[in-house]
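Examination of the molecular architecture
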Amino acid sequence: MENKQCLLNTQTLVRGIKGIIPGGVSVKDFSILTKTDKETTRKILDNFMQNGIGIFEENLIHFHENDRLKTSLLAIRMGAPIDEISQLLDWKDFESLVSEILESREFDTTRNLILTKPRMQIDVIGTKAGVAILIDCKHWKRLSYSSLENIVNKQIERTKRYVAKEKIHAAIPAIVTLYHEEVKFINKVPIIPIFQLDSFCDEFYGNLEKMYALEQSE
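Residues numbered from 1 in each chain as written. Predicted model: local features only at pLDDT ≥ 70, side-chain atom pairs only at ≥ 80, totals over all residues. Heavy atoms only, no water.

**Quick look at the sheet that holds strand S3 (residues 60–63)**
Pairing in this open sheet of three strands is antiparallel, and the strands run S1-S3-S2 from one edge to the other. Lying at the two open borders of the sheet, with one neighbouring strand each, are strand S1 (23–25) and strand S2 (55–57). Adjacent strand axes in the sheet meet at a mean angle of 35° when their direction is disregarded. Bridge count for S1 against S3 is three bridges, and the pairing is antiparallel. Across the sheet, residue glycine 24 finds its bridge partner in S3, namely histidine 62. Its contacts with the sheet put helix H3 (residues 38–50) on S2 and S3, and the angle it makes with S3 is roughly 45°. (Pairing = 2+ DSSP bridges. Helix = DSSP H or I, 4+ residues; strand = E, 2+ residues; numbered from the N terminus. Axes fitted to C-alpha atoms, helices over the stretch in contact; angles between N-to-C directions. Contact = heavy atoms within 4.5 Å.)

Below, the structure is given as structure tokens:
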């Protein structure tokens, strides 16, 4: 069977990302946004829909809020430079997909939870069976080990505050990145490439003993 992801070259696919606007967009407007001719626009949109990106109804292409990031990940898998792709994304795109993956694995999710005194924000929380995974989303650049270590320590502090305030059996701090980082754990905190988040969730409860878990005091 022919691989559908190979039907369009990577450069053209990346151009198509600029035309992904949540809601309804006409073929003409999509062509203007992507600066492509009519034939190329049709090829891009056909490829999108073959990969489950966008729905054509009533002469409009309807995109989901996660379609921009889904397309970006498809382009990266086809060899597009991650630095180039990351410039087309914002933090909302990334957090939205993280939440969607957690929900697909039957986690209840909360986004952008604010803790006060001092003020702290947790990007995404997924909860299932009394255990929460608290995720800090880092999509914008490759991180050095020292930067990751600093991010991990801050996420541990947020998790401690969360456990002290919320009724939860246990909580796990985690970092999700766009890049495939060389390290997998820092201080038992998982560093998870977005590509691997689904499998991480699938194996989450079987790997709890490997991770930094904060339990609520009795």
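**Concerning the layout of surface pockets**
Roughly 150 Å³ of volume is contained in the second largest pocket. Elements represented by at least two residues in the lining of the second largest pocket include exactly helix H4 (67–77) and helix H6 (91–104). With four residues, the single largest contributor to the lining of the second largest pocket is H4. A class-by-class count of the residues in the lining of the second largest pocket yields six nonpolar, two polar and two charged. (1 Å grid on protein atoms, 1.4 Å probe; cavity = no way out; pocket = protein on both sides within 12 Å on 5 of 7 lines; lining within 4 Å. Points joined across faces, edges and corners; volume = space filled by probe spheres on them. Nonpolar A, V, L, I, M, F, W, Y, C, P; charged D, E, K, R; others polar.)

**Some words on H3**
With 13 residues, H3 should cover 18 Å at 1.5 Å per step; its first-to-last C-alpha distance of 18 Å lies within 8% of that length. Of all the residues in H3, the buried ones are Thr41, Ile44, Leu45, Asn47 and Phe48. Around the axis of H3, the buried residues are gathered within 160° of arc, so they sit on the same side. Opposite the buried face of H3, at more than 90 degrees from it, the exposed residues are Lys38 and Glu39. Buried-residue contacts for H3 involve helix H1 (10–17), helix H2 (27–34), S3 and H4. Near the N-terminus of H3, the side chain that reaches the backbone nitrogen of glutamate 39, with its oxygen 3.3 Å away, is that of aspartate 37. Directly after H3, the chain includes glycine 52, whose backbone phi takes a positive value near 75°. (Expected span 1.5 Å × (residues − 1). Buried < 20%, exposed > 50% of the residue type's maximum accessible area, 1.4 Å probe, protein only. Arc of directions from axis to C-beta. Polar contact = N/O pair within 3.5 Å; in protein donor to acceptor, adjacent residues only side chain to side chain.)

**Remarks on the packing of H1 against H3**
Here H1 crosses H3 at 85°, and the two axes come no closer than 10 Å. One way to sum up the angle between H1 and H3 is to call them roughly perpendicular. Note on element contacts: H3 touches H1 through Thr40, Ile44, Asn47 and Phe48, opposite Thr12, Leu13, Gly16 and Ile17. The residue makeup of the contact of H1 with H3, split by class, is four nonpolar, four polar and no charged. (Parallel < 35°, antiparallel > 145°, perpendicular 65-115°, else oblique.)

**Some thoughts on the side chain of lysine 138**
Mapped onto the elements of the fold, lysine 138 is located in strand S6 (residues 131–138). Those residues within four positions of lysine 138 in sequence are excluded, and the remaining contacts are Phe94, Leu143, Ile151, Ile175, Val176, Thr177 and Leu178.

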